[in-house]
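# Structural overview for review
Listed below, chain by chain, are the residues.
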Amino acid sequence: MTRIAFIGLGNMGGGMAANQAKAGHDVAAFDLSPAALERAAEAGCRTVSSVAEAVKDAEVVITMLPAGPHVLSVYSEQIIGAAPSSALLLDCSTIDVETARKVAALAKEAGYAFADAPVSGGTAAADAGTLAFMVGCDEADFARVEPALEPMSRITIRAGDHGAGQAAKICNNMLLGISMIGTCEAIALAEKLGLEPERFFEIASKSSGQCWSVTSYYPWAGPVPTAPSNRDYEGGFATAMMLKDLKLAQDAAAKAGASTPLGAQAEALYALFNGLGYGGKDFSAMVQMLRGRIDTLS
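Rules used throughout
Residues numbered from 1 in each chain as written. Predicted model: local features only at pLDDT ≥ 70, side-chain atom pairs only at ≥ 80, totals over all residues. Heavy atoms only, no water. Helix = DSSP H or I, 4+ residues; strand = E, 2+ residues; numbered from the N terminus. Rg over C-alpha atoms; globule rule 2.2 N^0.38 Å. Buried < 20%, exposed > 50% of the residue type's maximum accessible area, 1.4 Å probe, protein only. Contact = heavy atoms within 4.5 Å. Areas by Shrake-Rupley, 256 points an atom, 1.4 Å probe, with all protein chains shown as cover. Lys, Arg positive; Asp, Glu negative; His and termini not counted. Charge placed at Lys NZ, Arg CZ, Asp CG, Glu CD. UniProt positions renumbered as here; feature names shortened; annotations may be inferred. Domains from an automatic or database assignment. Buried area = accessible area lost by both parts, 1.4 Å probe. Salt bridge = Lys/Arg side-chain N within 4 Å of Asp/Glu carboxyl O. Polar contact = N/O pair within 3.5 Å; in protein donor to acceptor, adjacent residues only side chain to side chain. Nonpolar A, V, L, I, M, F, W, Y, C, P; charged D, E, K, R; others polar. Expected span 1.5 Å × (residues − 1). Pairing = 2+ DSSP bridges. Right-handed = clockwise from strand over helix to strand, strands pointing away. Phe/Tyr/Trp six-rings, centres within 6.5 Å; stacked < 30°, edge-to-face > 60°. Disulfide = S-S within 2.5 Å.

### Overview of the overall build of the protein
Scanning the protein for helices and strands turns up 13 helices and 9 strands. Here the protein has a C-alpha radius of gyration of 20 Å; the compact-globule value for 298 residues is 19 Å, and the two agree. Counting all 298 residues of the protein, 51% fall into the buried class. Taking as baseline every contact in the protein between residues at least 6 positions apart, the subset at least 24 positions apart corresponds to 62%. Of the roughly 13,100 Å² that the protein leaves accessible, carbon and sulfur atoms contribute 56%. For the protein, the separation between the mean place of its 22 positive charges and that of its 32 negative charges on side chains is 3 Å.

Rendered as structure tokens:
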């Protein structure tokens, strides 16, 4: 049994913390939301009243926070110096590379092992313990990182040094955002040309248009039973979260001098969809906007 402090029990963190408890670990869980704390307690976590209380005896600290400023603030003001210096610090939030490296430097200076370890897979994978982790850390620390993430993970890959996990996550989700829009556009066109979206799935999933957005997350109800399209686009990966990641990708591209025209267009489309009030819907609901049937979304 490992003593784990888990900070941030939202849509992703709640399921992740629950899987650590299910694995038999002592999970001290903290969130600002009383409802999130109640769900964590029901899942077998030991809820506490502050970050300091959560981390004071921790062997592993895991954070799942909204954005870079939250991560920097929580680590610099509440974790570093409060957790034992022997603790392994793992930030699973999706944030900008620069902040991830800044937090890593602060942690390393204070004698901690730290890794940025953002995830891919959405809420269903967080609940099932089948997330993919992209890790940025010192090579020598990965041997500790991998088993610490195992109860929540389908696969854990070291992307490189500090910040590389965030770089991998940003690039991966830019590709996902682009491919989902392509899939949605193809469905909308197929429908206009008299081809049923279900039949188009049969063809595209077996031909050169095949991609994850088609075979694992088809944005039309029916062909992929586990996709959010079968649940009125509830759950999964919220449009607002995809927009956040696309903004991070565009900020990173601007700083690196990289040309990402399709990434920029994807950001613009998701910003429009979010601005219309559908930020809480799964990002695959974009198909309804491109079909001109946004009225079908409840």
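Here the narrative resumes.
### What to know about the UniProt feature "domain: 3-hydroxyisobutyrate dehydrogenase-like NAD-binding" (unreviewed entry) in the protein
With numbering matched to this structure, UniProt assigns "domain: 3-hydroxyisobutyrate dehydrogenase-like NAD-binding" (unreviewed entry) to residues 163-290. Taken end to end, residues 163-290 comprises 64% helix and 0% strand; its first and last C-alpha atoms sit 35 Å apart.

### Looking at the domain arrangement of the protein
Splitting the protein by domain gives domain 1 (3-161) and domain 2 (167-297). Taking the mean C-alpha position of each, domain 1 and domain 2 sit 28 Å from one another. With 14 residues of domain 1 in contact, the opposing surface of domain 2 contributes 11 residues. Around 910 Å² of area is buried between domain 1 and domain 2 when both sides are counted, 59% of it from carbon and sulfur atoms. Counting the surface domain 1 buries against domain 2, the share from its top three residues, Thr94, Val97 and Met134, is 43%. Counting every contact that joins domain 1 to domain 2 gives 1 salt bridge. Of the charged contacts, one joins Glu98 and Lys255 as a salt bridge, the two residues approaching to 3.3 Å between their closest N and O atoms. Summed over the shared surface of domain 1 and domain 2, the number is 6 residue pairs in polar contact (both at pLDDT 80 or more). Its residues assigned to classes, the side of domain 1 that touches domain 2 shows 8 nonpolar, 4 polar and 2 charged.

### Details of helix α12 (residues 261-278)
Under the 1.5 Å per step criterion, the end-to-end length of α12 is 24 Å for 18 residues, consistent within 8% with the ideal 26 Å. Every buried residue belonging to α12 is among Gly263, Ala266, Glu267, Leu269, Tyr270, Phe273 and Tyr278, and all of these are buried. The inward-facing, buried residues of α12 contact α8 (164-192), α11 (239-256) and α13 (286-290).

### Side note on the pairing of strand β2 (residues 26-30)
In terms of burial, β2 is largely enclosed, as 4 of its 5 residues are buried. As defined by bridge partners, strand β1 (residues 3-7) adjoins β2 across 5 bridges and the pair is classed as parallel. Opposite Phe6, over in β2, you have Ala29 as the bridge partner. Bridge analysis of β2 against strand β3 (residues 46-47) gives 2 bridges, and the strand direction is parallel. The residue bridging Ala28 from the neighbouring strand is Arg46, located in β3. Considered for its hand, the β-α-β crossover made up of β2, helix α2 (residues 34-42) and β3 is right-handed.

### Regarding the pattern of salt bridges
Counted under the stated rule, the structure contains 12 salt bridges. Between Asp138 and Lys108 there is a salt bridge, with its nearest N and O atoms 3.1 Å apart. With Asp138 in the loop between β8 (131-136) and α7 (142-149) and Lys108 in helix α5 (residues 97-109), this residue pair connects regions lying 30 residues apart in the sequence. The exposure class of Asp138 is partly exposed, given its relative accessible area of 22%. Between Asp245 and Lys169 there is a salt bridge; the shortest N-O distance is 4.0 Å.

### Topic: the packing of aromatic side chains
Enumeration according to the criterion identifies 7 aromatic pairs in this entry. Centre to centre, the rings of Trp212 and Tyr217 are 4.9 Å apart; their planes meet at 20°, and the pair counts as stacked. Judged by its relative accessible area of 11%, Tyr217 is buried. Measuring from centroid to centroid gives 6.3 Å for Tyr270 and Phe283, while their planes differ by 45°, and the two rings are tilted. Residue Tyr270 is found in helix α12, and its partner Phe283 is found in the loop between α12 and α13; the two are separated by 13 residues along the sequence. The exposure classification of Tyr270 matches that of Phe283, with both residues buried. Pairwise contacts between aromatic rings join Trp212, Tyr217, Phe237, Tyr270 and Phe283 into one cluster.

### Side note on the state of the cysteines
By definition, a disulfide links the sulfur atoms of two cysteines through a covalent bond. As enumerated under the stated definition, the model contains 0 disulfides in all. Unpaired in this structure, Cys45 has its nearest cysteine sulfur neighbour in Cys92, at a distance of 14 Å. As a non-bridged cysteine, Cys184 has Cys211 as the owner of its nearest cysteine sulfur, 10 Å distant. Residue Cys184 is classed as buried on the basis of its relative accessible area of 0%.

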